[in-house]
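Observations on the model geometry
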Amino acid sequence: MRRLLLLLFAMVLAAPGARGERVFPARAPAGHAKSVAIAALRLDASAAASVGLPALDTAAIASMQRENRANGMRALKLGVVREAPQ
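Quick notes on the overall build of the protein
Across its full length, the protein carries three helices and zero strands. Here the protein holds 86 residues, and 2% of them are scored as buried. For the protein, the accessible area works out to roughly 8500 Å², and carbon and sulfur atoms hold 63% of it.

Next comes the structure, spelled out in structure tokens:
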């Protein structure tokens, strides 16, 4: 038993490269062409517009539910097309 433990201990000490190492993701340098192109695509959050839509009336929701029940295994109607307020 003692020999087995010594053998295992020797194997652990002899193979430090076999231990797990943490691999970090590669990152492109800051001046890399791809990094510059990606930075140019980013939008400023202050330029984003906020759109609020009024709630649907209950008749429109009930109509959609009836259509979905009647279609069986066909595609479901998931929404309503409507104009966004200015």
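Past the structure itself, the notes keep going.
Digging into the side chain of asparagine 68
Residue position: asparagine 68 is located in helix H3 (residues 58-70). Excluding its chain neighbours within four sequence positions, the residues that come into contact with asparagine 68 are Leu76 and Lys77.

Things to note about a nonpolar patch on the surface
On the surface, Met1, Leu4, Leu5, Leu7, Leu8 and Met11 cluster together into a nonpolar patch covering about 670 Å² of accessible area. Looking at where leucine 5 falls in the secondary structure, it is placed in helix H1 (residues 2-14). Of the residues examined, leucine 5 reaches a relative accessible area of 53% and is grouped as exposed.

Describing H3
With 13 residues, H3 extends 18 Å from end C-alpha to end C-alpha; this agrees with the ideal 18 Å at 1.5 Å per step. Remark: glycine 72 follows H3 within two positions and exhibits a positive phi of approximately 65 degrees.

Describing the confidence of the model for the protein
For the protein, per-residue confidence averages 77 on the pLDDT scale, and residues scoring 70 or more make up 85% of the total. The weakest mean pLDDT in the protein belongs to helix H2 (residues 33-41) at 77; the strongest belongs to H3 at 86.

Notes on the environment of alanine 84
Residue placement: alanine 84 occurs in the segment after H3. Separated by 33 residues in the primary sequence, alanine 84 and valine 51 have C-alpha atoms spaced 7.4 Å apart. Not counting the four nearest positions on each side in its chain, alanine 84 is found in contact with Val51 and Leu53.

The rules behind the values
- Residues numbered from 1 in each chain as written.
- Predicted model: local features only at pLDDT ≥ 70, side-chain atom pairs only at ≥ 80, totals over all residues.
- Heavy atoms only, no water.
- Helix = DSSP H or I, 4+ residues; strand = E, 2+ residues; numbered from the N terminus.
- Buried < 20%, exposed > 50% of the residue type's maximum accessible area, 1.4 Å probe, protein only.
- Areas by Shrake-Rupley, 256 points an atom, 1.4 Å probe, with all protein chains shown as cover.
- Contact = heavy atoms within 4.5 Å.
- Patch = residues over 30% accessible without salt bridge, like charges linked within 9 Å, V, L, I, M, F, W, Y side chains within 5 Å.
- Salt bridge = Lys/Arg side-chain N within 4 Å of Asp/Glu carboxyl O.
- Expected span 1.5 Å × (residues − 1).
- pLDDT = per-residue confidence, 0-100.

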